[in-house]
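Observations on the model geometry
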Amino acid sequence: MKLNYLLGALFLCAAQLVSAAVYTYIDANGERVFTDKPPKNQRTEIIHIAPPNQIAPPLAMKPPPVYQADPEPLAVQYQVLRILVPEPNATLRANDRQLIVTVSSEPALLAGHHYRLILDGEPVGDPSRSPVFPLSEIDRGTHQLAVEIINEKGAVLERTPSQPFHLRQITLNDKRRVRPCEKDDYGVRPECPLKDKPKEKRSLIPFLGL
């Protein structure tokens, strides 16, 4: 008898999964039977069972879209940036304390970029797209020189290491070495004063007149 009730419970559970109706009847042994399929030639009763509350599975939540920020443009790579003139550790003789600095870069400056000259750790002059920088009023002695490439916002893109150069003012002797004094230059050129004019040698042979 207990077995029939157990079977009936199993049929009931199966019926809840498949159908909403369960059939029951008394068999020849006087035991109640539960089934989802009514037998032929057998008086049965229909037990209507409400379908179980089914909770729909939660919808799969899609992860929020990940918006990637536009990649930042790659920084401009200058393969070469150098000072051509003066050369590192060069000794220069400049008249009136003036000097011409020449720089170079590869590739050439792009749009919006400028050179900026650094003398003794401080910017000198205005940034320029020209690779030539005239300097003036430079004291004699040793100085440090560097050059930068900056963009339109003033950010430094490239910079050379500082390199020394030595400035000497041109002396009279320097000018004489470059252009020796001729006889007619004495008293005319500042580096050829009359006091330095060689004295003419007199002939030891007296003049013999006829």
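The following paragraphs examine the structure supplied in this document. (Residues numbered from 1 in each chain as written. Predicted model: local features only at pLDDT ≥ 70, side-chain atom pairs only at ≥ 80, totals over all residues. Heavy atoms only, no water.)

Side note on the overall build of the protein
- Helix and strand counts for the protein come out as 2 helices and 12 strands.
- In the protein, the succession of helices and strands from N to C terminus is α-β-β-β-β-β-β-β-β-β-β-β-β-α.
- With 210 residues in all, the protein has 25% of them scored as buried.
- Of the contacts made within the protein by residues no fewer than 6 positions apart, 52% connect residues no fewer than 24 positions apart. (Helix = DSSP H or I, 4+ residues; strand = E, 2+ residues; numbered from the N terminus. Buried < 20%, exposed > 50% of the residue type's maximum accessible area, 1.4 Å probe, protein only. Contact = heavy atoms within 4.5 Å.)

As for the pattern of salt bridges
- Within the structure shown, the criterion is met by 4 salt bridges.
- Of the charged contacts, one joins R116 and E148 as a salt bridge, the two residues approaching to 2.9 Å between their closest N and O atoms. Placement of the pair is R116 in strand β7 (residues 114-119) and E148 in strand β10 (residues 141-150), with a sequence separation of 32 residues. A single burial state applies to R116 and to E148, both of which are buried.
- Here D196 ties to K195 by a salt bridge, and the two come within 3.3 Å at their closest N and O atoms.
- Taking relative accessible area as the criterion, D196 reaches 31% and is therefore assigned partly exposed.
- Assessed through its relative accessible area of 71%, K195 is described here as exposed.
- Via salt bridges that share partners, R116, E148 and R159 belong to a single interconnected network. (Salt bridge = Lys/Arg side-chain N within 4 Å of Asp/Glu carboxyl O.)

Re unusual backbone geometry
- Backbone torsion omega between V85 and P86 reads 0°, so that peptide bond is classified as cis.
- Located in the positive-phi region is N89, a residue other than glycine, with phi close to 65°.
- Mapped onto the elements, N89 comes out in the loop between β4 (80-85) and β5 (90-94).
- For E137, which is not glycine, the phi dihedral falls at a positive 55°.
- Position of E137 among the secondary structure elements: in the loop between β9 (132-135) and β10.

Section: the environment of I100
- With respect to the secondary-structure elements, I100 resides in strand β6 (residues 99-106).
- Placed 15 residues apart in sequence, I100 and V85 show a C-alpha to C-alpha distance of 7.4 Å.
- I100 has contacts with V85, V132, F133 and P134, leaving out every residue within four places of it along the chain.

Comments concerning the pairing of β9
- Covered by surrounding structure in β9 are F133 and L135 only, the residues V132 and P134 on the alternate face being uncovered.
- Inspection of the sheet shows β6 paired to β9 by 4 bridges, in the antiparallel sense. Its bridge partner lying in β9, V101 is registered against F133. (Pairing = 2+ DSSP bridges.)

Comments concerning the nonpolar core
- Counting 21 residues, the largest nonpolar core has V101 and Y115 as its most contacted members.
- Of all the secondary structure elements, the ones that give two or more residues to this core are β4, β5, β6, β7, β9, β10 and β12 (163-169).
- Once residues within four sequence positions are removed from consideration, V101 is found in contact with I83, V85, P86, L117, P131, V132, F133, L135 and L145. (Core = buried A, V, L, I, M, F, W, Y, C linked by side-chain atoms within 4.5 Å.)

Regarding the state of the cysteines
- Considering all chains together, one arrives at 1 disulfide under this definition.
- Across the disulfide from C181 sits C192; the S-S distance is 1.9 Å. On the sign convention where negative means left-handed, the S-S torsion of about -85° between C181 and C192 marks this disulfide as left-handed. Note that C181 is positioned in the segment after α2 (172-178) and C192 in the segment after α2, a separation of 11 residues in sequence. The two residues C181 and C192 agree in class, both being buried. (Disulfide = S-S within 2.5 Å.)

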